[in-house]
Amino acid sequence: MNGHRSNGSRVYLDHAATTPPDPRVVEAMLPYLTEYFANPSSIYVEAQQTRRAIDEARQTIASSVGADPGEIVFTAGGSESDSLALRGVVGASRRRARGGAASGNPVHIITSAVEHHAVLDTAEQLERDGVAELTILEVDREGRVDPAAAAAAVRDDTVLVSVMHANNEVGAINDVAAIARAVHEANPRTAVHTDAVQSVAHLGANVDRLGVDLMTFTGHKLYGPRGAGALYVRAGTPLAPQILGGSQEERRRAGTEDTAAIVGFAKAIEIAADEREADLSHERALQQRLMTELPQRIAMTGITGPADLDERLPGNVSALIGFVEGESILLALDLAGFAASSGSACTTGSVEPSHVLVAMGVPDELARGSLRFSLGRGNTDEDVDRLLTELPPIVERLRALSPMPTTEPPADWQPWLAT
Ligand SMILES: Cc1ncc(COP(=O)(O)O)c(C=O)c1O
């Protein structure tokens with residue numbers, strides 16, 4: 001794979017997993033990997049230079065999401081930011097309940113069934129630890145949370161509602177503004193967190209327009225470096241730090257800052273804002289073609305997530321292909337030169353269907369045939385042509401190998417397959 005472009009032999013279709021760094025980002029980072037290495041917390045002049053670089057990056061990142069610089073906590077990525085949001089709010093709320101000492105009572109938190117595991121697993125761990133009671137919201141067949149259902153689940157002791165902005169597997173965009181409004185009306189003390197890891201690049205998430213108290217985002221989904229993330233924390237939102245030690249990030253996250261990664265993150269977010277319109281129309285055009293033509297070229301195939309592009313993450317094409325395992329297709333695609341992804345997780349040798357598809361109501365067997373293509377800046381019409389030419393014979397070959405009949409889809413598959 002050549003830089004951020006696909007080249008003659010390889011086609012990169014996995015931008016939702018991570019994006020290739022923009023050369024301008026790398027250029028901005030280089031001095032901080034070489035010459036300007038000083039610990040920003042030290043007092044000498046070299047440290048003042050790295051401190052200034054971090055301050056400027058914080059300013060850029062804050063203003064790109066409509067926040068004040070003091071409301072940005074740098075982390076090592078989306079997973080850490082999600083974890084800090086959930087654990088931080090639960091920890092601070094329990095302490096506050098007893099004037100400093102953690103109270104013995106669990107607090108109530110709410111999330112949705114289709115969150116990234118960084119949120120879902122943390123929420124479930126908090127429940128297992130006895131510090132939180134957890135309500136998990138269902139989603140509709142396109143993967144979205146109903147704002148009214150979120151509000152209806154809020155209790156007097158609900159300290160946090162965490163609902164993602166755009167889903168990483170099926171691309172469903174939630175109406176986070178409506179969710180936050182409804183939740184705050186139901187209980188003004190409840191904090192609302194959104195995981196905007198997938199959306200910030202494409203949709204330019206603004207914390208006031210979304211009405212959220214906490215927001216997760218990360219550099220490597222927007223052509224920045226891996227290992228640099230941020231948590232927006234609205235002023236006044238209680239947050240207990242989860243990494244203790246130094247006084248960095250106003251005591252909300254200890255540890256010597258990765259100056260180069262933070263500078264790269266800021267450069268990437270600046271470029272994303274400048275080039276958003278161009279990126280959007282480019283990705284939407286390719287996305288529309290693939291969403292339309294995949295089911296035309298391969299029988300017993302359907303697209304998951306919202307059909308309406310305005311309600312769908314730009315670049316995301318998630319599909320179900322009957323009578324084949326997504327993992328087998330991915331291996332064959334890899335050999336043919338394509339990097340793509342599936343929603344299923346291969347654990348201990350058996351393929352588990354994606355929790356997102358299961359929550360949307362996709363039958364387990366069909367969910368095993370899921371694929372996700374996520375298009376980005378460097379993709380071209382030729383990439384889509386190549387995929388549309390090379391994928392159908394791969395599916396045909398794999399279906400021919402199946403010991404089961406592969407011509408009659410079960411009745412419960414019908415609503416998920418294109419007619
Ligand atoms: C929606 C969502 N949240 C969180 C994460 C985790 O982010 P990171 O890889 O930066 O830890 C991802 C990454 O795939 C994601 O898609």
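Along each chain, residues carry numbers from 1 onward, in the same order as the chain's sequence is written. The predicted nature of this model means local features are confined to residues of pLDDT at least 70 and side-chain atom pairs, given and counted, to a pLDDT of 80 or more, with totals for whole chains, interfaces and linings taken over all residues. The basis for every side-chain value is the complete set of non-hydrogen atoms in the structure, without hydrogens or water.

**Quick look at the nonpolar core**
- Here, nonpolar core refers to any group of buried Ala, Val, Leu, Ile, Met, Phe, Trp, Tyr and Cys residues whose side-chain atoms link them within 4.5 Å. Note on classification: 1.4 Å probe, protein chains only; a residue is buried when its accessible area is under 20% of the maximum for its type, exposed when over 50%, partly exposed between these limits. In terms of nonpolar packing, the biggest core is built from 61 residues, with Ile61, Ile72, Phe74, Val200, Met215, Phe217 and Phe265 touching the most fellow members.
- No other element matches helix 10 (residues 259–274), which puts eight residues into this core.
- The domain boundaries here were taken from an automatic or database domain assignment. Here this core gathers at least three residues from each of two domains, domain 1 (11–20 + 276–416) and domain 2 (36–273).
- Any two residues whose heavy atoms approach within 4.5 Å at even a single point are treated as in contact. When near neighbours in sequence (up to four residues on either side) are disregarded, valine 200 contacts Ala205, Met215, Phe217, Leu222, Ile269 and Arg276.
- By size, the runner-up hydrophobic cluster in this structure holds 28 residues, among which are Val11, Ile321, Leu333 and Leu388. Here a strand is any run of E in DSSP of at least two residues, a helix any run of H or I of at least four, and the numbering for each starts at the N terminus.

**Examining the pattern of salt bridges**
- Basic side-chain nitrogens of Lys or Arg form a salt bridge, by our definition, when they fall within 4 Å of a carboxyl oxygen of Asp or Glu. Summed over all chains, the structure comprises 26 salt bridges.
- For arginine 24, the salt bridge goes to aspartate 22, with nearest N and O atoms at 2.9 Å.
- The partly exposed category is assigned to arginine 24, whose relative accessible area is 36%.
- Of the residues examined, aspartate 22 reaches a relative accessible area of 2% and is grouped as buried.
- Aspartate 385 serves as the salt-bridge partner of arginine 289, at 2.7 Å between the closest nitrogen and oxygen. In this pair, arginine 289 sits in helix 11 (residues 276–297) while aspartate 385 sits in helix 15 (residues 381–401), placing the two residues 96 residues apart along the sequence.
- Through salt bridges with shared partners, a single ionic network connects Asp22, Arg24, Glu275, Asp279 and Arg377.

**A word on the domain arrangement of the protein chain**
- Domain annotation for the protein chain reports domain 1 (11–20 + 276–416) and domain 2 (36–273).
- Measuring from the centre of the C-alpha atoms in domain 1 to the corresponding centre in domain 2 gives 29 Å.
- Listed by partner, the interface residues are 32 residues for domain 1 and 35 residues for domain 2.
- Two parts lose some accessible area (1.4 Å probe) when they are put together, and adding that loss for both gives the buried area. Buried surface at the junction of domain 1 and domain 2, summed over both partners, amounts to about 2,800 Å²; 49% is from carbon and sulfur atoms.
- Counting the contacts that link domain 1 with domain 2 gives one salt bridge.

**Structural notes on the sheet that holds strand 5 (residues 158–162)**
- Pairing between strands is defined by DSSP: at least two bridges between the two strands are required. With mixed pairing, the seven strands of this open sheet are ordered in space as 2-8-7-6-5-3-4. Strands at the two margins of the open sheet, each flanked by one partner only, are strand 2 (72–75) and strand 4 (132–137). Averaged over all adjacent pairs, the angle separating strand axes in this sheet is 20°, with direction ignored.
- Inspection of the sheet shows strand 2 paired to strand 8 (residues 229–233) by four bridges, in the antiparallel sense. Across the sheet, valine 73 pairs through a bridge with leucine 231, a residue of strand 8.
- Helix axes are fitted only over the stretch in contact, all axes being lines through C-alpha atoms; the angle between N-to-C directions runs from 0 to 180 degrees. On the sheet, helix 10 packs against strand 2, strand 7 (214–218) and strand 8 and is oriented at approximately 95° with respect to strand 7.

**Focus on the pairing of strand 6 (residues 191–195)**
- Taking burial as the measure, the five residues of strand 6 include five buried ones, the bulk of the element.
- Neither face of strand 6 is open: one carries Ala191, His193 and Asp195, the other Val192 and Thr194, and all of them are buried.
- Inspection of the sheet shows strand 5 paired to strand 6 by three bridges, in the parallel sense. Across the sheet, residue leucine 160 finds its bridge partner in strand 6, namely alanine 191.
- Here is how to tell: hold the view so the strands point away, follow the path from the first strand over the helix to the second, and if it runs clockwise the crossover is right-handed. Handedness of the crossover joining strand 5 and strand 6 through helix 6 (residues 176–186) is recorded here as right-handed.
- As paired elements, strand 6 and strand 7 share three bridges and run parallel to each other. Counted as the bridge partner of threonine 194 is methionine 215 from strand 7.

**Quick look at the side chain of arginine 284**
- Examined against the element boundaries, arginine 284 turns out to sit in helix 11.
- Only four residue types enter the tally: Lys and Arg on the positive side, Asp and Glu on the negative side, with His and both chain ends excluded. Aspartate 310 is the oppositely charged side chain nearest to the buried, salt-bridge-free arginine 284, at an N-O distance of 4.3 Å.
- Leave out the neighbours within four places in its chain, and arginine 284 touches Leu309, Asp310, Arg312 and Pro314.

**What about the confidence of the model for the protein chain?**
- Think of pLDDT as the predictor's per-residue confidence, scored from 0 to 100. With 95% of its residues at a pLDDT of 70 or more, the protein chain has an overall mean of 94.
- Throughout residues 1–5 the model reports pLDDT below 50, and contacts reaching past four residues in sequence, or to other chains, amount to eleven contacts.

**Observations regarding the sheet that holds strand 9 (residues 301–304)**
- Spatial ordering of the open sheet is given by 9-10-14, a layout of three strands whose pairing is antiparallel. Looking at which strands have only one partner, the edges of the open sheet turn out to be strand 9 and strand 14 (370–374). Each neighbouring strand pair of the sheet contributes to a mean axis angle of 30°, computed without reference to strand direction.
- As judged from the four bridges shared by strand 9 and strand 10 (residues 316–321), these two strands associate in the antiparallel manner. Bridge assignment links threonine 301 to a residue of strand 10, and that residue is isoleucine 321.
- Here helix 15 sits on the sheet and contacts strand 9, strand 10 and strand 14; the angle it forms with strand 14, its principal contact strand, is near 165°.

**Examining the packing of helix 2 (residues 45–64) against helix 10**
- Axis separation between helix 2 and helix 10 bottoms out at 9 Å; the angle between their running directions is 30°. As for how helix 2 packs across helix 10, the hand of that crossing is left-handed. Contacts from Thr50, Ala53, Ile54, Ala57, Thr60, Ile61 and Ser64 in helix 2 reach Thr259, Ile262, Val263, Phe265, Ala266, Ile269 and Glu270 in helix 10.
- Of the residues belonging to the contact of helix 2 with helix 10, the class tally is nine nonpolar, four polar and one charged. Two helices cross in a left-handed way if the nearer one is turned anticlockwise from the farther one by less than a right angle. They cross in a right-handed way if the turn is clockwise. Three residue categories are used. Nonpolar comprises Ala, Val, Leu, Ile, Met, Phe, Trp, Tyr, Cys and Pro, charged comprises Asp, Glu, Lys and Arg, and polar comprises the others, including Gly.

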